[in-house]
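Listed here are the chains, written in short residue letters.
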Amino acid sequence: MPRLIIDCDPGHDDAIALILAHRHADVVGITAVSGNAPLAATTANALMVTALLDVDTPVVSGAAKPLVGEPIHAAAVHGETGLGGVDRIAHERSTAGDDAVAFLLDNAEPDIVVVAVGPLTNLALAIDRDPSWGKRIAGISIMGGSTDVGNVTRVAEFNIFADAEAAARVFESGAEITMCGLNLTHQFQTSDPLTERLRQSGTAKATFAAQIFDYLHDRMETLIGRRASAMHDPCAVLAITHPHLLRAEPRAVAVELRGALTRGMTVVDQRVSRRRDQANANVAYGIDAERAWEVVMESLDAREST
Ligand code: BDR
Ligand code: CA
């Protein structure tokens, strides 16, 4: 089993990613960051998922704001709590600390992969404290960026836009990076029939996931007129646990920090190969969505009946 640290900002899709990761990997720890909601909320949500799963995975909180400027959140999609529409699970758990950077540095091992599915502030601070950190781990699987469309601006995706300076440092760190951007995650969509399967299953995990899908569908119906939502963050877990389900290509990726229209864009070198700059990331382009959904649904206790 791969050994993972999940750096996240739960977040509905982050919560599904956490469940999937605990099914298919040894999750050494969860570090929380400000993103979809303020840090206190994303940390509380991560702890609540460990309670749902009844696992002892340590949850460590981290950065409350980006390297530069003020935090942005995604209440329009995830609600003020980051997990809108989901019944809170009562528990007595507390965090294992508030120094996510120290946790990332102390747990750097050659076989550890960091799955980063929120703004990249904690990772950039780890690199600041120890520039060799990115090379002391097996790699970083990022949900962030895009080779085409954005979701905060025309070209910028939320996790990169929310802390573009941090993202630039991570992409420049020399770590083995996999990028699961919107171009990939838009191929991996929820649907009402999947929600129905979760409801039929009826376990605590499946019910929690059904509430997540329902809430996202209601939000998306309002925002884009469609009852479907890209399940972004689990893709970055699948890239490590089920790499055969994704197709990725090595590419040079840089983060735009200045452009009036393009700040926070991941600029991917997609020129014909002879002209391309040296790759610093494996950029995911395709996913076998059908098989990937079966993996995710099984982790949510909704295996397909035969
Ligand atoms: C990313 O932003 C967040 O809203 C989601 O959790 C995901 O990590 C998609 O742009
Ligand atoms: Ca996220």
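Now for a quick tour of the structure. (Residues numbered from 1 in each chain as written. Chains lettered and ligands numbered in written order. Predicted model: local features only at pLDDT ≥ 70, side-chain atom pairs only at ≥ 80, totals over all residues. Heavy atoms only, no water.)

Re the sheet that holds strand E3 (residues 59–61)
Strand order across the open sheet formed by eight strands is E3-E2-E1-E4-E5-E6-E10-E7, with mixed pairing between neighbours. Looking at strand neighbours, the two that pair on one side only are E3 and strand E7 (246–251), the edges of this open sheet. Strand-to-strand twist across the sheet, computed as the mean angle between neighbouring axes with direction ignored, equals 25°. Where strand E2 (residues 26–32) and E3 come together, three bridges link them in parallel fashion. Of the residues in E3, the one forming a bridge with Thr31 is Val60. (Pairing = 2+ DSSP bridges. Helix = DSSP H or I, 4+ residues; strand = E, 2+ residues; numbered from the N terminus. Axes fitted to C-alpha atoms, helices over the stretch in contact; angles between N-to-C directions.)

Thoughts on the nonpolar core
Ranked by size, the top nonpolar core spans 56 residues in total, and within it Ile6, Phe188, Leu198, Phe208, Phe213, Leu238 and Leu246 carry the most contacts. Excluding its chain neighbours within four sequence positions, the residues that come into contact with Phe213 are Ile16, Thr190, Leu194, Thr195, Leu198, Met231, Trp293 and Leu300. Counting 37 residues, the second-largest nonpolar core is a separate cluster that includes Ala124, Ile137, Ile140 and Val255. (Core = buried A, V, L, I, M, F, W, Y, C linked by side-chain atoms within 4.5 Å. Buried < 20%, exposed > 50% of the residue type's maximum accessible area, 1.4 Å probe, protein only. Contact = heavy atoms within 4.5 Å.)

Quick word on the pattern of salt bridges
All told, the structure shown has 20 salt bridges when counted by the stated rule. Note that Arg136 is salt-bridged to Asp130, the shortest N-O span being 2.7 Å. Exposure remark for Arg136: the relative accessible area of 33% places this residue in the partly exposed category. One salt bridge in this structure joins Arg227 and Glu221, with 2.9 Å as the shortest N-O distance. It is possible to trace a salt-bridge network through shared partners that takes in Asp192, Asp218, Glu221 and Arg227. (Salt bridge = Lys/Arg side-chain N within 4 Å of Asp/Glu carboxyl O.)

Notes on helix H2 (residues 39–53)
The end-to-end C-alpha separation of H2 is 21 Å, in line with the 21 Å expected for 15 residues at 1.5 Å each. Of all the 15 residues making up H2, 13 are buried; the element is thus mostly covered by neighbouring parts of the structure. Directly after H2, the chain includes Asp54, whose backbone phi takes a positive value near 55°. (Expected span 1.5 Å × (residues − 1).)

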